[in-house]
Amino acid sequence: MENLKLALLGFGNAGQAFCRLLLEKQDEIRDTYKTDVTVTAIATASKGNIHDPEGIDLEAALEDVSTEGRFSERHRLTQLSTMELARQADYDVLVEMTPLNIFTGQPAADHIKTAFSRKKHAITANKGPVAWFFRELAEMAREAGVCFFYETTVMDGTPVFNLVENTLKMAKVTEVSGILNSTTNFILEELALGADYDDIMERGRSLGFIEADPAMDIEGYDAAAKITALLNVLMDARITPDQVKRKGIEDITVNDIKDAASRGKVIKLLCRGVRKDDGSVEATVGPAEVSKDDILAGINSTTSIVSITTDLMKKVSIIEHEPEIEQTAYGVFGDLLRVLDNAAIKK
C-alpha cells in the first residue's frame, strides 16, 4: 500500500471540512488507488501547529478544535512556523488554505514556491497566488515535474478549470464573464426586496458569508481577484488584480435599484474578461443593469455563475447553487484525487 502525505497550511472551516471528507472517503481511496492518505502537518494562526511524520489523528484534531479551540498535547505540537513547516515537514502534497491577502497573494504564494522547490505537489484554495503569480507558479511546477491544482479558488468545488482543461480541448477561450461574488449578489437582491441595509449585513454575517469588514467584497476587490485567476488560467492573460478596471457596489442606492426595476432590469456586479485585437486581455468588474429575462437576473442569493466563450464551443455557462463549506471541501478533495490520478498514470 502506497502512502501519500499531506501538509495542511490553514485549518479553518474549509480545512476542517476537507479533513472530515477525507476521513469519510479514506476506505474508498484505499480501494481505488491502493494508497493511504495521511496528514503529517497542520499549520494554523491560532490553534497551534502539528508535525507528525507518522500521521496526525484527524478525528482527535477535529475534536480538539471543536471543544478547546486549539490542538491539545496529545498531538506532536511543534514550534515550527507555517513557512518552516513548508520547508521542513515530511509531506508529498502541500495544501495551501491560509487566509487570503487580496493585495499581494502572499505569503501563500511563497508557501507554494517552497513546495515546488522541494519537488512537492501543491493544491491551493487561496485565490491570491493564482491571481498574482500564476504564470511563475505554473512554470515552477512544470520544471519540478509536480502537480499544481487550484479548482477551489473561484467557485468552490465547481469544476471550472477542469471543464476547460479536460473537456474543451483545442477550444480557444475568447471571453470569461459572470457573477462571482456572493456577498454583493446577496446585498443587491435583499435591497431590491426592500430590506434595510444594516439588517442585510447582520443576516449575512449570521449566515457566515459576510465578513465583519465586507469592504473587500463591496468594493469589488474579491471579484477582481477571481476574474484575474480565471483569466490567467483559461486565457493566459498574465495580469494581476490591480490591472482590472474595478468598481464595486458601494455607490449603488435603493433608488438606483428601483429605477432599474421600473425599466424591467436588475443591478448585478458583473465580471468580464475579453481578448482584444492586439492579443491582450482586458478585465472589468462593475455594477451593471441586466434585463429581468436574462439568465444573470436569476442568479440569486449566494449562487454564482461563470460563462466561458470559446471559438469552437461558443458560450457555456456553469451555475453553482448556494454553496456551503462542503462544496469548498470537495474542491480541495477533487484536486487531491487528481494528484492521485496523476500518480497512478506515472506508475
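Structure: see above.
Every value quoted in this text rests on a predicted model; they were computed, and no experiment measured them.

Along the backbone of the protein there are 13 helices and 13 strands. If one aligns the C-alpha atoms of the protein with their principal axes, the spans along those axes are about 65 × 45 × 35 Å. By the burial criterion, 54% of the 347 residues in the protein qualify as buried. A separation threshold of at least 6 residues defines the contact pool for the protein, and within that pool the share at least 24 residues apart is 69%. As presented, the protein carries roughly 16,200 Å² of accessible surface, and 47% of it is formed by carbon and sulfur atoms. Side-chain charges of the protein comprise 39 positive and 56 negative groups, with the mean position of each set lying 6 Å from the other.

Okay, the sheet that holds strand β1 (residues 2-9) next. Neighbouring strands of a sheet are bound in pairs by backbone hydrogen bonds; such pairs are parallel or else antiparallel. As summarised here, the arrangement of the 7 strands in space is β4-β3-β2-β1-β5-β6-β7, forming an open sheet in which the pairing is mixed. The strands lining the two open edges of the sheet, one partner per strand, are β4 (77-78) and β7 (148-149). Summarising the sheet, strand β3 (residues 49-51) and β4 pair through 2 bridges and their orientation is antiparallel. Pairing of Ile 50 across the sheet is with Leu 77, part of β4. Most of the contacts of helix α1 (residues 13-33) go to strand β2 (residues 35-43), to which it runs at about 155 degrees, and overall it touches β1 and β2.

Core analysis: the largest hydrophobic core is formed by 60 residues, its most contacted members being Phe 148, Val 176, Ile 227, Leu 230, Leu 231, Leu 234 and Val 306. Leu 4, Phe 71, Cys 147 and Leu 336 belong to the second largest nonpolar core, which has 34 residues in total.

Attention now goes to the sheet that holds strand β12 (residues 304-310). With mixed pairing, 6 strands are arranged side by side in an open sheet as β9-β11-β10-β8-β12-β13. The open sheet has two free edges, formed respectively by β9 (245-246) and β13 (314-320), since each of these has just one partner strand. Pairing of β9 with strand β11 (residues 281-291) involves 2 bridges; the strand directions are parallel. Looking at β11, one finds that Arg 246 is bridged to Val 285. Where helix α8 (residues 182-192) meets the sheet, its contacts fall on β8 (173-179) and β10 (265-275), and the angle it forms with β10 comes to roughly 155 degrees. The sheet strands contacting helix α12 (residues 254-262) are β10 and β11, and the helix crosses β10 at an angle near 90 degrees.

The next point concerns the pairing of strand β5 (residues 93-96). Alternating positions in β5 separate into two faces, Val 93 and Val 95 on one and Leu 94 and Glu 96 on the other, with burial throughout. Alignment of β1 against β5, held across 4 bridges, turns out to be parallel. Residue Leu 9 lies in a different strand from β5, and its bridge partner there is Glu 96. As judged from the 4 bridges shared by β5 and strand β6 (residues 121-124), these two strands associate in the parallel manner. Bridge pairing links Val 95 to Ile 123 in β6. Assessed by its sense of winding, the connection that carries the chain from β5 through helix α4 (residues 108-117) to β6 is right-handed.

Because an α-helix completes one turn every 3.6 residues, residues spaced three or four positions apart along the sequence face the same direction. Judged by how many residues are buried, α8 sits mostly within the fold: 9 of 11 residues are covered. For α8, every residue scored as buried is listed here: Ser 182, Thr 183, Thr 184, Asn 185, Phe 186, Ile 187, Leu 188, Glu 190 and Leu 191. On its buried side, α8 packs onto β8, α9 (197-207), α10 (215-218), α12 and β10. Between the side-chain oxygen at the start of α8 and the backbone nitrogen of Thr 183 there is a gap of 3.3 Å, and the oxygen is on Asn 181. The first or second residue beyond α8 is Gly 194, which carries a positive phi of 95 degrees.

Our next topic: the environment of Phe 133. Structurally, the position occupied by Phe 133 is in helix α5 (residues 127-144). Spatially, the C-alpha atoms of Phe 133 and Ser 291 are 36 Å apart, while their sequence positions differ by 158 residues.

Definitions and limits used
- Residue positions are given per chain, counted from 1 along the sequence in the order it is written.
- Reporting of local features is limited, given that this is a predicted model, to residues whose pLDDT is at least 70; pairs of side-chain atoms are given and counted only at 80 or more, and all residues count toward the totals for whole chains, interfaces and linings.
- Hydrogens and water molecules were not included; the side-chain quantities draw on all heavy atoms of the structure.
- Labels follow the DSSP assignment, with helices taken as runs of H or I lasting at least four residues and strands as runs of E lasting at least two, numbered in each case from the N terminus.
- Only protein chains enter the accessibility calculation, which uses a 1.4 Å probe. A residue is then buried if its area is under 20% of the maximum for its type, exposed if over 50%, and partly exposed in between.
- We call two residues in contact when some of their heavy atoms are within 4.5 Å.
- Using a 1.4 Å probe, the Shrake-Rupley method yields the accessible areas, and only the shown protein chains count as cover for residues.
- A residue counts as positive if it is Lys or Arg and as negative if it is Asp or Glu; His and the chain ends are not included.
- By convention, the charge on Lys lies at NZ, on Arg at CZ, on Asp at CG and on Glu at CD.
- Note on pairing: DSSP must find at least two bridges between two strands before they are called paired.
- Between the N-to-C directions of two axes lies an angle of 0 to 180 degrees, each axis being a line fitted to C-alpha atoms and, for a helix, fitted only over the stretch in contact.
- Joining through side-chain atoms within 4.5 Å is the link that ties buried Ala, Val, Leu, Ile, Met, Phe, Trp, Tyr and Cys residues into a set, and such a set is a nonpolar core.
- By definition, the crossover connecting two strands over a helix is right-handed if that path, from the first strand to the second, turns clockwise as seen with the strands pointing away from the viewer.
- Contacts described as polar in this section are N or O atom pairs within 3.5 Å, which, within protein, must combine one atom able to donate a hydrogen with one able to accept it, while residues neighboring in sequence count only if both atoms come from side chains.

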